[in-house]
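A closer look at the structure
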Amino acid sequence: MSAAQLSSITLTNFRSIKGSITVPLDAPIVLIHGANGAGKTSLLSAIELALTGQVASLQGVDPDYAAHLVHKDAKSAELKIETIGLDRNETSLKVTANAIEGEALLGPDLARFYAERCFLAQSSLGRLLELYQDSAKRSDSALTKFVKDLLGLDHLDAIIDGLHDAGDVRRLRSGVPGYGETRDTIPQVEGERDRLGAELEKTDIRIRQLEEQNDALSNRLVSVGDRSVTGPTAGETEQSELLRLTTVRREVEAAALQWQQIASTDLARDRAAAQPRSENAGRALAAWSATKGATLQAVLERLMPLFSDLPSVSAGGPQPAHAAATKAVREELRRCQDVLDKDAADAKLEADHEGAVTRGRARIQALEQQISNLASEGGALAQALSGVLPHIHTDDCPVCGRNFKETSEVPLQAHVSARIAELTAAAGQLQALSRDRTSSLSAVAVAERELGEVRGRRLDAINRDALRTRVALLQEVDLSLAGMTSDVEEGQRLIGEAATASRALSDLAVQDQGGTALRQSVERFGTELGVAPLAPTEDIAAALSRFAAEASRLVEIYTANQTIRREMAGNALEVQRLNALRQPVVDATGAAQGRLDRLNAAKQRADRLILDARELAKRAGEARTAIVRKVFNGSLNRVWRDLFVRLAPEEPFVPAFAVPETNGGPVEAVLETWYRSGGKGGDPRAMLSAGNLNTSALTLFLALHLSVSPDLPWLVIDDPVQSMDEVHIAQFTALLRMLAKSNLQRQIIIAVHEKPLFDYLSLELSPAFQNDRLITIELSRSADGQTLMNYLPHVFTPDQAVAA
């Protein structure tokens, strides 16, 4: 790559270059001169654009600079550059206001090297030190990036940057989200475990409380006799015993009421008085049933074929049967009469429709006859005469040829016209008759349809007669039932009186027998209650009171025991439910504890790795600092010092890179000054004059260029002698001569503004040995604004005086 050389560049309408020029560049040194606006900077910008695809100095000022690269009088610009010794040695670009078309000659790495190490724009020289250090972070400045590239610190930087997040766990959240999640999850899992533990403890406390309550309730159970209250079947035994005792208590209470009735009633006297009342009521009912009841039954039997679901007299008495029959008869009678009335109305409507149909058909027949007569007379003749009329011009008949005046004084044409008018009137009458016929046909069709509907609704003669017979029967039965109202009420009353008398007599008979049976029942109550039985001389009322008290006492004991047992059963069910709920909580607690153990173990492993990473980052930082100190104190600062002292031998301050003071910190290329006699100064921008500040910037640029391998052995500088005096210029010229003509073999392109300086440099940098060359380029403009170029190659010519 050391043989790489710029050969030529062709510009067309680029920036201030108007027209097309081709600039040869194939010499160790190329000097370019021109007045302000002649195109020197445009030429160097074209070289940068063709090589790198951009103009960095313009991009920093205006991000939209590409829209202004085309000459103001053109629509597009074109560039073509040629080189020697590269992988690609030629490329062309087309520039418009909207885009730059074509591929830059250099790849990304070489393009960056050219922009930072080979090309120094005029606008950048005065601000070079500022540009190198201008960054929000010193570790991100262009100078720092160069130093990292120079020292090969990529691996250490990669280690330090890769382990940077380990310095603070908060930074690990983005790079290692699992660590942050683990740290955040541990308190959550601990909280969940504690919550489950508290819930489990609460459940255990509740279970103990319920078990203690059941123990207390069990002590409150009362035993009766020798029955145990704690056996497995004690509850069921008490339940059945409670049911038995409740039944016994009801029987005792019923026996007490029965005994009160027996004791307070004169049964023999009441039974003797009730016997004749019952017999008399039975005889009266039998007499009514044989006469009036038989008549009612006969009437109801007549209705059975019509109403099969009527209640009988024996089922509910005569009055309900009579009421149901009367209601059914009247409803059926009303229905049948409605049907007959509707049929009679349909018969009248049928007669009306038949008359309307007959009259309509007669009218239609008469209309059809009139229409036929008029149609045969008028239509065809009127049409024929209308066809002949245009041909009648005299009184001679066009049909027979006779003279019409022989038969009438009226002209033949007038006679034919009058006849046509008569026939036309007949046609109008025919149209009116046709409309009348149509309406008559519609009316007849409607009447026939309605007649058919009426006939469809009419009853036939058989059903009509049967319905009339049914109405007659119902009317007869309705009259019969209406006349039986008082008889029916009497029968209902007699049935009620007979039933009441019979029931009273039966009750007295039962009560008379109950006294004996009641004493037998009282005797068994003592055995069932487990108390002393009825004594022969004991009063029955007192014994029943004693039995009732004992039964109530036992029922209360068993009822209280059952209440306690129900409460104990509820507590046992609640304990069972809590135990069922407790096991999932136990499992969840174990799972949470297991997960917490795994998370803590993972976090401990991660913490150990973080500590190891911090230690590794610390040692990598210390190693990097040691390398930077060694290089800053050795090669880089030495080259810069030699160059600066050579150009500014009288300056008491020498610029240098600041050596890191601490170990492990980031690489920060910071500039400072030192007294030549020893001692540290301030920032170069504050300690050096304007001329020496430019000299410092220029020598820094050259030092940075010379400190790396010459991937591109080119130095392209735009007006480098700003603010330099004659001594500085002479020293700088000697430096350029050394760079171009020594074994460093740099190709140098210099653009200057002043003509005397251009002539001086042309003389000082002229070829000094065989095959050494110098190219001078002078740019100017013609009268019409076209760019002109004066190209002059200089070759080595031996000095004849010295040769002689």
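Quick look at the structure, then. This is a predicted model, so every value here is computed, not measured. (Residues numbered from 1 in each chain as written. Predicted model: local features only at pLDDT ≥ 70, side-chain atom pairs only at ≥ 80, totals over all residues. Heavy atoms only, no water.)

**A few points about the overall build of the protein chain**
Our working definition: Helix and strand assignments follow DSSP, with helices taken as H or I runs no shorter than four residues and strands as E runs no shorter than two, numbered in order from the N terminus. Here the term buried applies to any residue with accessible area under 20% of the maximum for its type, exposed to any over 50%, and partly exposed to those in between, with areas from a 1.4 Å probe on protein chains only. A contact between two residues is defined here by any heavy atoms of the two lying within 4.5 Å. Under the convention used here, a 1.4 Å probe and the Shrake-Rupley method define accessible areas, while residue burial counts only the protein chains that appear.
When you go through the protein chain residue by residue, the secondary structure sums to 24 helices and 13 strands. Burial status across the protein chain gives 37% buried among its 804 residues. Long-range contacts, defined as pairs at least 24 residues apart, comprise 70% of the intrachain contacts of the protein chain with a sequence gap of at least 6. With an accessible surface of roughly 43,800 Å², the protein chain has 53% of that area assigned to carbon and sulfur atoms.

**Details of helix α23 (residues 755-764)**
Rules: The directions considered for the arc are those from the helix axis to the C-beta atoms.
Taken together, the buried positions of α23 are occupied by L757, F758, L761 and S762. End-on view of α23: buried residues confined to an arc of 135°, all on one side of the axis. Looking at α23, the residues exposed on the side facing more than 90 degrees away from the buried face are P756 and L763.

**What about unusual backbone geometry?**
Within the chain, N13 stands out as a residue other than glycine whose phi angle is a positive 55°. The topology assignment puts N13 in the loop between β1 (5-12) and β2 (20-24).

**Points about the side chain of S42**
Secondary-structure assignment places S42 in helix α1 (residues 40-52). With residues near it in sequence (within four places) discarded, S42 still touches L11, F14, R15, S16 and I17.

**So, the pattern of salt bridges**
Applied cut-off: Each reported salt bridge corresponds to a side-chain nitrogen of Lys or Arg within 4 Å of a carboxyl oxygen of Asp or Glu.
Throughout the structure, instances matching the rule amount to 35 salt bridges. E550 is the partner of R553 in a salt bridge, and the nearest nitrogen-oxygen pair spans 2.8 Å. Taken as a pair, R553 and E550 lie in helix α19 (residues 540-647) at a separation of three residues, close to a single helical turn. Since its relative accessible area comes to 42%, R553 is described here as partly exposed. Linked by salt bridges that have partners in common, K18, K72 and D73 make up one network.

**Comments concerning the sheet that holds strand β7 (residues 119-120)**
Put simply, the rule reads: Strands were regarded as paired on the criterion that DSSP finds at least two bridges between them. Comment: axis = line fitted to C-alpha atoms, over the contacting stretch for helices; angle = value between 0 and 180 degrees taken between N-to-C directions.
Spatially, the six strands line up as an open sheet ordered β7-β10-β11-β3-β12-β13, and their pairing is mixed. Of all strands in the sheet, those with a lone pairing partner are β7 and β13 (787-795), marking the two edges. Here five bridges tie strand β3 (residues 29-34) to strand β11 (residues 747-752), and the two strands are oriented parallel to one another. Its bridge partner being in β11, V30 is matched across the sheet by I749. Strands in contact with helix α3 (residues 108-118) are β7 and β10 (714-718); relative to β10, the strand with the most contacts, it is inclined by about 55°.

**Brief notes about the environment of A548**
Looking at the secondary structure, you find A548 in helix α19. Separated by 19 residues in sequence, A548 and L529 have C-alpha atoms that sit 9.6 Å apart.

**Here's the deal with the nonpolar core**
Most often, soluble globular proteins have nonpolar side chains that are buried together. The test is simple: For the purposes of this section, nonpolar cores are sets of buried Ala, Val, Leu, Ile, Met, Phe, Trp, Tyr and Cys residues that join through side-chain atoms within 4.5 Å.
With 48 residues, the main nonpolar core has I9, L11, I32, I47, L51, Y114 and I749 as its most contacted residues. Counting residues per element, this core draws most heavily on α1, which supplies seven residues. The residues touching I47, leaving out its near neighbours within four places in the chain, are L6, I9, L25, I81, Y114 and I749. Formed by 33 residues, the second largest nonpolar core is a distinct cluster that contains L31, A703, I750 and L774.

**Some remarks on the packing of helix α22 (residues 726-741) against α23**
The cut-off we apply is this: Comment on the angle field: the value is read as roughly parallel under 35 degrees, roughly antiparallel over 145, roughly perpendicular from 65 to 115, and oblique elsewhere. A crossing counts as left-handed when the near helix is turned anticlockwise from the far one by less than a right angle, and as right-handed when that turn is clockwise. Residues are grouped as follows: Ala, Val, Leu, Ile, Met, Phe, Trp, Tyr, Cys and Pro are nonpolar; Asp, Glu, Lys and Arg are charged; every other residue, Gly included, is polar.
With their axes 10 Å apart at the nearest point, α22 and α23 run at an angle of 40° to one another. What the angle tells us is that α22 and α23 run oblique. Considering only the axes of α22 and α23, their crossing is right-handed. Here I729, A730, T733 and R737 of α22 come into contact with α23, specifically with L757, Y760, L761 and E764. Within the contact of α22 with α23, the residues separate by chemical class into five nonpolar, one polar and two charged.

**Looking at α3**
Within α3, the full set of buried residues consists of A111, F113, Y114, R117 and C118. Down the axis of α3, the sector holding all buried residues measures 165°, keeping them to one side. Projecting away from the buried face of α3 at angles above 90 degrees are the exposed residues P108 and D109.

**Some words on the sheet that holds strand β4 (residues 76-84)**
The strand order β2-β1-β4-β5-β6 describes an open sheet built from five strands, whose pairing is antiparallel. Strands with a single pairing partner mark the edges of an open sheet, and in this sheet they are β2 and β6 (100-101). Note that β1 and β4 share seven bridges and pair antiparallel. From the neighbouring strand, L6 faces β4, where its bridge partner is T83. Here α1 sits on the sheet in contact with β1, β2, β4, β5 (90-96) and β6, set at roughly 110° to β1.

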